[in-house]
Amino acid sequence: VGKTGTDDGLYTINAGHNDLSNFMKISHWKGQRKLNFWTTEIANMINGTDGTMFAPFVDEKDVLYLFSSDICRSIYATYSSRSTVQGVPTYRFEPPSEVFAAAKYNPANQGFCTPNCLGSGVLNLTSCQPGVPAIMSQPHFYQADPKYIEGVIGLNPTADCGTVLDIEPTTGILLKAGKKLQINMAIEPIDGFTDLTNIKPVFLPMTWLNESAVVDTASINQLKDQLFRPKTILNDSTVVAMIVGIVILIVTTILVVLTYKKQRSSDPELQHLSINEQILDNHS
């Protein structure tokens, strides 16, 4: 409701001129440096990028932060495995279970207890989506408290239900992504509605979203031409330079030895020295 044909606000992005590690990080959203939906400073932080690109030279040990306006909060992803996208090696990052863990397991999530704390794997969006009694989770309540899964018949949470980011590590460009969210409705007994008198409180899944994207072939070819081909040429040139350097060193050594021998055979003083050396050797 109210989303069709609209954007999610103005972003101010860091260009990384003074510090490349800040490249693409969001500094302001809708003119504000922080959010005002939650109850703690940590929960209201705007951290990371929009998830489409990260600073260059991504490492497996990195923790990648991103801000999602859909859920009105920042999250983070950690390295999970190696992957490839159309022949290009990538690092796969995924949000760990701690991101949406209950506050008793992850105290940093205390600020998302609005109006009260929920179990792991769910987020009450009523504070940032006024008029929409929606509870966010991952599809099939993946990584959520078992009570939410057991409360609905037919769920089958698997790793495929999680959000994944496949990133080319040298450039930090996102080549493939799958953002997956589930919207649930909080159902509970309501006075005056007999059909709901005996119902147990439950988060009823209404729909789940899979916003997936993969880079097109033309962009992959451009990436290969501008990044991987020069790297290959550079690596090959380095090997060739090392071989040439070794050959030059060997040739130089041989020339020095030959020159010394030639000078020794033509120089009387060196010949006299050689005779003395032979006498000493025989004496010894």
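Fair warning: this is a prediction, and the values are worked out from it, not measured in the lab.

Reading guide: rules and limits
One numbering rule holds for all chains: residues counted from 1, following each sequence as written. In keeping with the model being predicted, local features are shown solely for residues with a pLDDT of at least 70 and side-chain atom pairs are shown and tallied solely at 80 or more, while totals for entire chains, interfaces and linings include all residues. Side-chain measures were taken over the full set of non-hydrogen atoms in the model, leaving aside hydrogen atoms and water. Put simply, DSSP H or I for four residues or longer makes a helix, DSSP E for two residues or longer makes a strand, and each gets a number counted from the N terminus. Only protein chains enter the accessibility calculation, which uses a 1.4 Å probe. A residue is then buried if its area is under 20% of the maximum for its type, exposed if over 50%, and partly exposed in between. Contact between two residues is taken to exist if any of their heavy atoms lie within 4.5 Å; hydrogens are not considered. Method for areas: the Shrake-Rupley scheme with a 1.4 Å probe, in which residue coverage is limited to the protein chains shown. What counts as a disulfide here is a pair of cysteine sulfur atoms lying within 2.5 Å. Any pair of N or O atoms that falls within 3.5 Å is considered a polar contact. Within protein, one atom must be able to donate a hydrogen and the other to accept it, and sequence-neighbouring residues count only if both atoms are side-chain atoms. Here a strand pair is declared whenever DSSP counts at least two bridges between the two strands. A pair of Phe, Tyr and Trp rings is counted when the ring centres sit within 6.5 Å of each other, with Trp represented by its six-membered ring. The angle between the planes then sorts it: under 30 degrees is stacked, over 60 is edge-to-face, the rest tilted. For this analysis, a nonpolar core means a set of buried residues of the types Ala, Val, Leu, Ile, Met, Phe, Trp, Tyr and Cys, connected via side-chain atoms within 4.5 Å. Here, a salt bridge means any side-chain nitrogen of Lys or Arg that lies within 4 Å of a carboxyl oxygen of Asp or Glu.

When helices and strands are counted, the chain shows three helices and 10 strands. Starting at the N terminus and ending at the C terminus, the chain contains elements arranged as β-β-β-β-β-β-β-α-β-β-β-α-α. Counting over 284 residues, the chain shows a buried share of 32%. Contacts in the chain between residues far apart in sequence, at least 24 positions, make up 50% of those at least 6 positions apart. As displayed, the chain has an accessible area near 17,900 Å², and 59% of this comes from carbon and sulfur atoms.

This brings us to the state of the cysteines. With the rule as written, the count across this model stands at two disulfides. Covalently, C72 is tied to C128 through a disulfide, its sulfur atoms 2.3 Å apart. Looking along the S-S bond of the C72-C128 disulfide, the torsion reads about 85°, which is the right-handed sense. Of the two residues, C72 sits in the loop between β3 (63–68) and β4 (73–85) while C128 sits in the loop between β6 (122–124) and β7 (134–137), which places them 56 residues apart along the sequence. As far as burial versus exposure is concerned, C72 and C128 are alike and both buried. C113 shares a disulfide with C117; S-S distance 1.9 Å. On the sign convention where negative means left-handed, the S-S torsion of about 95° between C113 and C117 marks this disulfide as right-handed.

So, about the side chain of T90. Within the element layout of this structure, T90 appears in strand β5 (residues 88–94). Look at T90 and you get buried, because its relative accessible area is 2%. Polar side-chain contacts of T90 include one of 2.5 Å to the side chain of S83. Excluding residues that lie within four positions of it along the chain, T90 makes contacts with S81, R82, S83, T84, V85, D166, I167, E168, P169 and L175.

Note that β4 and β5 share seven bridges and pair antiparallel. Within β5, the residue paired with Y79 across the bridge is F93. Adjacent in sequence and paired antiparallel, β4 and β5 are bridged by two residues, among which Q86 carries a positive phi angle near 50°. Taken together, the three bridges between β5 and strand β8 (residues 164–168) define a ladder with antiparallel strand orientation. By the bridge assignment, Y91 is partnered in β8 with I167.

The full count for this structure, using the stated rule, is eight aromatic pairs. Among the aromatic residues, those joined into a cluster by ring pairs are Y11, W29 and F67.

We now examine the environment of N156. Of note, N156 is situated in the loop between α1 (146–150) and β8. When sequence neighbours within four positions are dropped, the list of residues in contact with N156 reads H140 and C161.

Below, the discussion takes up the side chain of Q182. Structurally, Q182 is set in strand β9 (residues 173–187). What Q182 contacts, discounting residues up to four positions off in sequence, is I135, M136, S137, Q138, P139, H140, F141, P205, T207 and W208.

In this structure, W38, I71, F93, L123, M136, L165 and I167 are the most contacted members of the largest nonpolar core, which totals 29 residues. Those elements giving two or more residues to this core turn out to be β2 (26–29), β3, β4, β5, β8 and β9. Ignoring sequence-local partners within four residues, the contact set of L123 consists of W38, I71, R73, F112, A134, I135 and M136. Ranked by size, the runner-up nonpolar core spans seven residues in total, among them V85, I220, L223 and L227.

With that settled, the discussion passes to the pattern of salt bridges. Enumeration according to the criterion identifies four salt bridges in this entry. Taking the shortest distance from any N to any O, the salt bridge between E60 and R82 comes out at 2.5 Å. Separated by 22 residues along the polypeptide, E60 in the loop between β2 and β3 and R82 in strand β4 bring together distant segments of the chain. By relative accessible area, which is 31% here, E60 ends up partly exposed. Using a relative accessible area of 56% as the deciding quantity, one classes R82 as exposed. Of the charged contacts in the structure, one is a salt bridge between K179 and E211, with a shortest N-O distance of 3.3 Å.

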